[in-house]
Amino acid sequence: TVDREWREFNRSRVYMADLESALHYSLRVEVAAYPEIRGEALSALKLYISVLAKYFPGRPVVMNLLQALDSWLTDYKEFKVSYSSIKAVLDNAGEVPNAVLPNEEKWVGCQGSQPHYRGYPCSVWTLFHLLTVQAAESTSSSDPLDVLKAMRSYVKNFFGCRECATHFESMAEDSMGEVTNRTTSVLWLWARHNQVNSRLAGALSEDPQFPKIQWPPPDMCPQCHSVTGGEHEWKQGAVLDFLRSHFAADRILRDHLE
Ligand code: FAD
């Protein structure tokens, strides 16, 4: 269901409703466009679900579902899988207790002033920033680049905006090799997102009520900015602290959840 009722929201906060809507749309709409998933795309899906099961700070019912899907995919050893069997797991045909992925597209912080603005792409950025931050806080000994690799391969294989996927892949090719740890993963994604914001500022896809800016702006994080000799400079340490707090699990707002 798509609900278009306008909801007041705080522009400087992250909403769980947007994150759950991202999962719903990606797994039930975007991935569903592929009746059969094989090879590289199947590996991309497995990695995406594994980082969600590991780092997504979701409600227990949602985590139970993501973990059930992750175990099912980990045990799945064939070269190809049909979307209908993935859908059966998403719909909890196995009847795992207390496991549900809400079947709803409900945007809150990602609402656009018109239905064709914002929404899903906004939630994809939000989801992956959040995951890089959660991974940086975790004690997991797995690949420090797991979240960025999951984002890169998800976007390349499934993201519906193919032009976006091409741009993102070329940014990843240019500079993801310089990322060595979980902290630099957080900053890499932040800096690339600002690069995209600057390319898209003034473009037709820009919601006039939500102009593309270099983020976080000074009113949100004064200490993130400095000006030396008339030149703007980011204070990366302050930016990292800001991102850690903005995308902290215990700061996610739960308004408008069922
Ligand atoms: P978004 O850019 O979607 O940002 C969502 C929210 O994230 C913002 O509201 C803000 O709270 C926060 N935010 C903003 N900047 C940062 C930052 N630097 N770090 C952390 N958080 C931040 N559209 C195109 O037209 N062409 C493209 O090539 C293109 N490539 C894309 C590639 C990817 C991987 C993705 C996910 C999207 C892409 N898009 C592209 C869509 C575009 O980037 C926006 O998502 C869309 O226009 C909606 O914009 P928005 O105003 O909701 O803000």
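Residues numbered from 1 in each chain as written. Predicted model: local features only at pLDDT ≥ 70, side-chain atom pairs only at ≥ 80, totals over all residues. Heavy atoms only, no water.

(A) Main features of the overall build of the chain. Counting its regular elements, the chain contains 9 helices and 4 strands. Secondary structure elements of the chain occur, N-terminal to C-terminal, as α-β-α-α-β-α-α-α-α-α-β-β-α. Relative to the globule expectation of 18 Å for 258 residues, the C-alpha radius of gyration of the chain, 18 Å, shows essentially globular dimensions. If you take every contact in the chain between residues at least 6 apart in sequence, the share linking residues at least 24 apart comes to 73%. For the chain, the accessible area works out to roughly 12600 Å², and carbon and sulfur atoms hold 52% of it. Where the 26 positive side-chain charges of the chain centre and where its 32 negative ones centre are 2 Å apart. (Helix = DSSP H or I, 4+ residues; strand = E, 2+ residues; numbered from the N terminus. Rg over C-alpha atoms; globule rule 2.2 N^0.38 Å. Contact = heavy atoms within 4.5 Å. Areas by Shrake-Rupley, 256 points an atom, 1.4 Å probe, with all protein chains shown as cover. Lys, Arg positive; Asp, Glu negative; His and termini not counted. Charge placed at Lys NZ, Arg CZ, Asp CG, Glu CD.)

(B) Structural view of the packing of aromatic side chains. In the structure shown here, the tally under the stated rule is 15 aromatic pairs. With centroids separated by 6.2 Å and ring planes inclined at 15°, the aromatic side chains of F9 and F210 adopt a geometry described as stacked. You can see F9 sitting in the segment before α1 (16–30) and its partner F210 sitting in the loop between α8 (182–200) and β3 (225–228), a full 201 residues away along the chain. Look at F9 and you get buried, because its relative accessible area is 19%. Measuring from ring centre to ring centre gives 6.5 Å for W215 and F247, while their planes differ by 50°; the resulting arrangement is tilted. With W215 in the loop between α8 and β3 and F247 in the segment after α9 (236–246), this pair connects stretches of sequence that are 32 residues apart. Under the relative-accessibility criterion, W215 is labelled partly exposed at 22%. Judged by its relative accessible area of 4%, F247 falls in the buried class. Cluster of aromatic residues (ring-pair linked, three or more members): Y34, Y48, F128, Y154 and F158. Against the face of F210 rests R118, its NZ or CZ located 4.0 Å from the ring centre. (Phe/Tyr/Trp six-rings, centres within 6.5 Å; stacked < 30°, edge-to-face > 60°. Buried < 20%, exposed > 50% of the residue type's maximum accessible area, 1.4 Å probe, protein only. Lys NZ or Arg CZ within 6 Å of the ring centre and 35° of its normal.)

(C) Region of the structure containing the site of the ligand. By nearness alone, 23 residues border the ligand, and R118, H167, W190, H193 and K212 come closest of all. Within the side chain of N194, one N or O atom sits 3.1 Å away from a nitrogen atom of the ligand. Listing elements by their share of the shell around the ligand, those giving two or more residues are α5 (120–137), α7 (162–175) and α8. Counting residues per element, the shell around the ligand draws most heavily on α8, which supplies 7 residues. Its residues assigned to classes, the shell around the ligand shows 13 nonpolar, 6 polar and 4 charged. (Near = heavy atom within 4 Å. Polar contact = N/O pair within 3.5 Å; in protein donor to acceptor, adjacent residues only side chain to side chain. Nonpolar A, V, L, I, M, F, W, Y, C, P; charged D, E, K, R; others polar.)

(D) Spotlight on the nonpolar core. Membership of the largest hydrophobic core comes to 80 residues, with the highest contact counts inside it found for L45, Y48 and F56. Here this core takes 11 residues from α5, the largest share from any one element. Excluding anything up to four places from it in sequence, L45 contacts L27, V31, I37, L73, I86 and F158. (Core = buried A, V, L, I, M, F, W, Y, C linked by side-chain atoms within 4.5 Å.)

(E) Structural view of the pattern of salt bridges. This model, assessed by the stated rule, comprises 12 salt bridges. D146 is the partner of R182 in a salt bridge, and the nearest nitrogen-oxygen pair spans 3.3 Å. Here D146 lies in helix α6 (residues 146–157) and R182 lies in helix α8, a separation of 36 residues in the sequence. For R182, a relative accessible area of 10% gives the class buried. Using a relative accessible area of 5% as the deciding quantity, one classes D146 as buried. One continuous salt-bridge network, built from bridges that share partners, spans R28, K87 and D91. (Salt bridge = Lys/Arg side-chain N within 4 Å of Asp/Glu carboxyl O.)

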